[in-house]
Amino acid sequence: MSNLDLLRAAGRDDKIKLHGPADFAGMRKAGLLTAEALDMLVPHVKPGVTTQTIDTLVLEFALDHKAIPATLNYRGYTHATCTSINHVVCHGIPSDKPLREGDIVNIDVTLIVDGWHGDTSRMYAVGPISRRAARLIEVTYESLAHGIAAVKPGNTTGHIGHAIQTYAEGQRCSVVRDFCGHGLGRLFHDRPNILHYGEAGEGVTLETGMFFTIEPMINLGKATVKVLSDGWTAVTRDRELSAQCEHTIGVTRDGCEIFTLSPAGLFMPPFETR
């Protein structure tokens, strides 16, 4: 969960934290368990299943592994996941409405393990999906890969945003600007903010030991979004499809470490198209 208002969370300060080896170990453990939770969901995301069922599965998985979903009762939010379907950009609220064949859904999970936050999201296809939906997902994932490739000490947060924006717009898609990635660790939302657009050289200079998420939201149509009356659900104004994927990373001496890699290799499974 990453809009600019939520990033002003209680306990956040203005100094960007730099972390050592013990902190990296903590984040590996949190990131791995969160990725395993999303792996666990793969056989369950199918037509007829409700997003509330998915949410319950994640909550039970977390509790079984002595973890806590960070979104549960966070600023009034009452679920363990965010489930964003089709034209929902982010922060979709689980409900009793069943998934339908052809839907695409982003499932966003953050688990707290021994005080450390692992935050990741990925796209799931509900049965065969349209070729345009599959292409959007591919562009979104490649945009994330370009952003991660720009992470190294001496670059700036602007290098990340520029890499994402240049690729996505080059594929005739748009980058949502209302939400961003964020620092994390023992806090859920911290500095630095990671914009998914911008110019190389702008923003904060990256240093070894920084932890943050990169989580681009890419639209088939225009970039503009609106938040619904529930105060959480963000949707595309033109009701075109949107996709998102997210990793938590730590900056290392020669690049970065991804804490939320799927141990089963399911971060982007193959999608059947129709």
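As the structure is a prediction and not an experimental result, all values here were calculated from the model.

Enquirer: Can you help me understand the side chain of Thr213 in this one?
Expert: Along the chain, Thr213 falls in strand S9 (residues 211-214). On the basis of relative accessible area, Thr213 is assigned to the buried category, the value being 0%. At 2.6 Å, the side chain of Thr213 forms a polar contact with the side chain of Glu215. Among all residues touching Thr213, those that are not within four sequence positions of it are Asp119, Gly181, His182, Leu184, Ile194, Glu246, His247 and Thr248.

Enquirer: I would appreciate a short explanation of the sheet that holds strand S12 (residues 234-236) in the present structure.
Expert: A sheet is described by the order of its strands in space; here three strands give the open sequence S3-S12-S11, paired in antiparallel fashion. Strands with a single pairing partner mark the edges of an open sheet, and in this sheet they are strand S3 (88-90) and strand S11 (225-227). The sheet shows a mean angle of 40° between the axes of neighbouring strands, direction not considered.

Enquirer: Would you mind showing me how to read the pairing of strand S4 (residues 104-113) here?
Expert: It is a general feature of regular strands that their side chains alternate between the two faces of the sheet. Within S4, nine of the 10 residues are buried, which leaves it mostly tucked inside the rest of the structure. One ladder, built from two bridges, connects strand S1 (residues 68-69) with S4; its direction is antiparallel. Counted as the bridge partner of Ile68 is Ile112 from S4. Bridge analysis of strand S2 (residues 82-85) against S4 gives four bridges, and the strand direction is antiparallel. Note on S4: the bridge partner recorded for Cys82 is Asp108. Bridge count between S4 and strand S5 (residues 116-125): 10 bridges; the pairing is antiparallel. Paired with Ile107 across the two strands is Arg122, which belongs to S5. Here S4 folds back onto S5 in antiparallel fashion, the turn holding two residues, of which Asp114 has a positive phi close to 55°.

How each quantity is defined
The residue numbering used here restarts from 1 in each chain and proceeds along that chain's sequence as written. Only residues with pLDDT of at least 70 get local features here, since the model is predicted, and only at 80 or more are side-chain atom pairs given and counted; chain-wide, interface and lining totals rely on the full set of residues. Water and hydrogen atoms play no part in the side-chain values, which are based on all heavy atoms of the structure. Strands here are runs of E lasting at least two residues and helices are runs of H or I lasting at least four, both read from the DSSP assignment and numbered beginning at the N terminus. For every residue, the accessible area obtained with a 1.4 Å probe (protein chains only) is divided by the maximum for its type, and the residue is called buried under 20%, exposed over 50%, and partly exposed between those limits. Think of a polar contact as two N or O atoms within 3.5 Å of one another; within protein, one of them needs to be a possible hydrogen donor and the other a possible acceptor, and neighboring residues in sequence only count if both atoms come from side chains. Any two residues having at least one pair of non-hydrogen atoms within 4.5 Å are treated as being in contact. What makes two strands pair is DSSP finding at least two bridges between them. What counts as an axis is a line fitted to C-alpha atoms, over the stretch in contact for a helix, and the angles between N-to-C directions run from 0 to 180 degrees.

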